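Letter by letter, the chains look like this.
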Amino acid sequence: MTEGRALGIAAGLHLLLLVALSLGLAGAIAPESEPDVTPIEFLDVSDVATVTTPPKPSMEAAPQDPEPPAAAPEMPEAPPAPQVPSPPTPAKAAPDVAAQDAIAEAVAAAPARQPPSKAKPAATAGQNAALVDRSKPKAAAKPRETEDFEKTVEDAIPKQAKLSAIQAATLEQAIRAQIAPCWNPPIGGADVAEMTAVLRIRLNRDGTVAAPPEFVSQSGATAGNQAYARAFVETARRAVLRCAPLQLPADLFPYWREFELNFDPRLMT
Amino acid sequence: MIRTFAALFLALIAVPAAAQLRIDITSGSQAAMPVAIPAFPTGAPVATPAGNTAELGRQVADIISNNLSGTGLFRPLPAGAFAAPTMNQVNAPPFGSFRTAAAQALVTGFVTANPDGTLTIGCTLYDVFSEEKLAAQGFTVTPAGWRRAAHKCSDIVYSRLTGESGYFDSRIVYVAESGPRTKRVKRLAVMDQDGANHRFLTSGASLVLMPRFSPVNETLSYMSFQNDRPRMWIYNMGTGQQQPVGDFDSMSFAGRFSPDGRTLVFSVTRAGNSDIHAYDVASRTTRRLTSGNSIDTSPSFSPDGRAIVFESDRGGSQQLYVMNADGSGAQRISFGEGRAGSPVWSPRGDLIAFTRIQGGKFRIAVIRPDGSGERLLTDSWQDEGPSWSPNGRVILFSRTERNGRSSLRSIDLTGRNDRRIPTPLEASDPAWGPLLR
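These figures come from a predicted structure and were not determined experimentally.

S.K.: How would you summarise the overall build of chain B if you had to cite specific residues and measurements?
M.R.: Scanning chain B from N- to C-terminus turns up 4 helices and 30 strands. Dimensions of chain B along its principal axes, counting C-alpha atoms only, are 100 × 70 × 45 Å. When burial is assessed residue by residue, chain B has 57% of its 437 residues classed as buried. In chain B, 44% of the contacts between residues at least 6 apart in sequence involve partners at least 24 apart. Per element, the accessible surface of chain B, about 16700 Å² overall, is 51% carbon and sulfur.

Spelled out as C-alpha cells, the structure:
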C-alpha cells in the first residue's frame, strides 16, 4: 500500500526530473547555435580612446610674455661662489670644443707658472729654506714675499720626484674618500659596465677648483650611446664641483694641484 | 756646493713632465640626486578650463616631482627650501639659493595661456653647479592635455640627466579585480603611467584577461572567454574595432605584439599541448612557429624583431628558450634551480625579464638573452607577469599577498625602488604601453 504510493511518487519525481533536465539542457544548448565569435562589449570607447592631442613642441622654450623678460641680463648676477668660478663659456659635457676652449683660456689666463728662479732652490724644501736664510745677508736682491717664496719652494720640488708610497696612498685615499660620496654614477644604463671617464682636475691651494674639470678621455662611448656617455661625464664633473673644496694635506699641494680622476663604476654594477 | 746642487736641479727640471697622479674612483653614492622643482611661474594668473595658470604651474611642478621621485634616482627637495623663480628668473635663476639648498639640478619653466585657448608650458633644466642650461623645450597643449606636457617635461629632464630615454608620457593597461574570491569581477582598465586618467575598458560582464599594448599604436590584444571560447582578440582603442585572432577550435592565449605592431605571437592549446603561432594583423593569416608535445607559451619578440623568447617544458620543466622569429634554432637560456616563466624582452634589448619560480615563491628576475647574468629583483611571496617600461629601465609586475590581495608594483632593473602603482581596485596582469605620440 504505502510501498505502491512510494513507487508512484518516485516515478513521478523521476519523470519531473527528466523533463527538467531535458529543458535545462535544451536551454543550455540553444545559445550554441549563435555565432561563437562575439566581440565583448567595451565601454564608452570614444571617451577612453582620447589620448589628448600631443603636446606640440613650442619655440617658446623661454617665456615670451607678458613682459619681455626684462632684457634678461646676460649673466645672472653671479652668486658668490668662490669655489665655482662661473665659467666664461658654459662648459658643456665631454668632448666639447667650447669646454676645451674655456679651459684652455682659463689655463692661459692663470698666471703662468714661473720657472724656478735659477740657483736659489735646492733639492728639498727644508734645505732650501736654510739656504735662502743664509744667503740673505749677502743678497743684493730685495727680500721676497712669503707667498713667492712658498711658490718657489713648491716649484723647486721636481715634479717627477716620487711621492713616498705612504704619501701617495694617503693622498689617493684622501681624494677618493671625498669624491666618491659625491658621485652619483648612472648605474643601470645599458652600457654602464663598459664605461669610464677621465677628468683632469686643477685645484687651488685652498682646495677649491681652479678651473672646470677638464675632459680627458672616455671609454665605452659608442655612436649609439652618446646621450648616456654625455650624462656619464656630467655626473663625474658634478661630483668634483659638488665636493670642492677638497681637504688635502697642504704639504703635498704640488702633487694635488693638478691630477686626473678615472671614474669607473664597473665594480658597482 | 750650491752650484752643484743647482746644476743637478736644473738637470732634473729639464726632464719632461712626469706622469700625473691618476686616481681611480670606483665607488660612488647610490643616493638619489637632489633636484629643485619649484612651482612653474606664470605672468598674471589667467583662468583656463584646466584651472588658473598659477595653480597649473604648481601642479606641473608636482607631476614632475612625482615622476622623478618615482624613479628612485632623484629626490625632489621640499618646496620651502628655496623661493620659486619668477617669470623673469626662468632664464637666469638665482643659482646660489639652489646650491644652498643642496640641489644639483633645477627644473623650472612657465605656464602661459594663449589667446587661442591653448596653453604653453615651458620646461628648462639647469645644472646648479655649472650654472649651465642643460635642456629647454616648450609645449603647446589644449587645456585638457596639460598633464602630458608635464610628463614630456619629466621625460626631458630624466633623459638629459640619465642619458636614457624617458617613459613618463605613457600608459598602463591591466586587469582590475573586485568582488569575493568565488565571484571575482575582472575588468580591463587603462591609466596614465602615474595612475591618473584611470578608465575601465570593459564592464566585467565577460571575462577578459592578458591585455597587452601594441608598441606602435592605440591597439590592445587580449584574451576573452566570451561564450566559453577562450581566444585572442585585437582591439583598437581609437576606432573601437575588434578583430578575432585566427580561427582555432581550441584555446588561444598569451598574445604579444611584435615591435612593429604587425605581428601578434601567441599560444594555441590542443589536447594538452600548446604551440606558438604568429598572426599577421593585416593579412589575418596565421603560421605555426613551434611544434611537438611540449607546452610552448608566453612568446615575446626581441626589439629588433629577429628573435623570440618563450617558455617551454620540452626539457622536462618550465624554462626559457630563445628562437629565431621563424621558429627555428630554439636554445634554452635559463638553468639553475626552479622553473622560469612569462619572459619579456626588454625594449632596450639587453635583458629579458621573467618570473622565477623556486621554493614556493614567484619572483621577478632578469637574465641576458644569452642566458648569462641572471639576477633576482624581488623577494616576495608571489610576484609575476613582468612588463617593461618603454625605455627598458623599469619593470612593472603584479604582486599577490598571502591574504590573496593583488596590486601593481614596479621596480628598477637594478633591483631598487620596489614601489606600488596606485590603482582604485585590486589589480593584476599589467602591461606598459609605448611612449605616446
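Text resumes after the structure shown.
S.K.: Pulling in residues and values, what's your account of the environment of W345 of chain B?
M.R.: Residue and element names in this part refer to chain B. Along the chain, W345 turns up in strand β22 (residues 339-345). The exposure class of W345 is buried, given its relative accessible area of 10%. Remark: the alpha-carbon pair of W345 and P299, spanning 46 residues in sequence, is separated by 9.4 Å. Ignoring any residue separated from it by four or fewer positions in sequence, one finds W345 in contact with S300, F301, S302, P303, A307, I308, V309, V322, L351, I352, P369 and W388. Engagement of the side chain of W345 in a polar contact is seen with the backbone oxygen of G349, the distance being 3.3 Å.

S.K.: Explain the domain arrangement of chain B to me, using residue names and the numbers behind them.
M.R.: The parts lose accessible area when they come together, and the size of an interface is often stated as this lost area. All names here are of chain B. By domain assignment, chain B separates into domain 1 (33-162) and domain 2 (170-435). Contacts between the two partners involve 11 residues from domain 1 and, on the opposite side, 11 residues from domain 2. Carbon and sulfur atoms make up 37% of the surface buried where domain 1 meets domain 2, a total of about 760 Å² over both sides. Where domain 1 packs against domain 2, one counts 1 salt bridge. Of the charged contacts, one joins D194 and R147 as a salt bridge, the two residues approaching to 2.8 Å between their closest N and O atoms. At the junction of domain 1 and domain 2, the tally comes to 4 residue pairs in polar contact (both at pLDDT 80 or more). Taken together, the elements giving at least two residues each to the side of domain 1 that touches domain 2 come down to α2 (53-70) and α4 (146-162). Along the lines of polarity and charge, the residues of the side of domain 1 that touches domain 2 split into 3 nonpolar, 6 polar and 2 charged.

The rules behind each value
Residues numbered from 1 in each chain as written. Chains lettered and ligands numbered in written order. Predicted model: local features only at pLDDT ≥ 70, side-chain atom pairs only at ≥ 80, totals over all residues. Heavy atoms only, no water. Helix = DSSP H or I, 4+ residues; strand = E, 2+ residues; numbered from the N terminus. Buried < 20%, exposed > 50% of the residue type's maximum accessible area, 1.4 Å probe, protein only. Contact = heavy atoms within 4.5 Å. Areas by Shrake-Rupley, 256 points an atom, 1.4 Å probe, with all protein chains shown as cover. Polar contact = N/O pair within 3.5 Å; in protein donor to acceptor, adjacent residues only side chain to side chain. Domains from an automatic or database assignment. Buried area = accessible area lost by both parts, 1.4 Å probe. Salt bridge = Lys/Arg side-chain N within 4 Å of Asp/Glu carboxyl O. Nonpolar A, V, L, I, M, F, W, Y, C, P; charged D, E, K, R; others polar.

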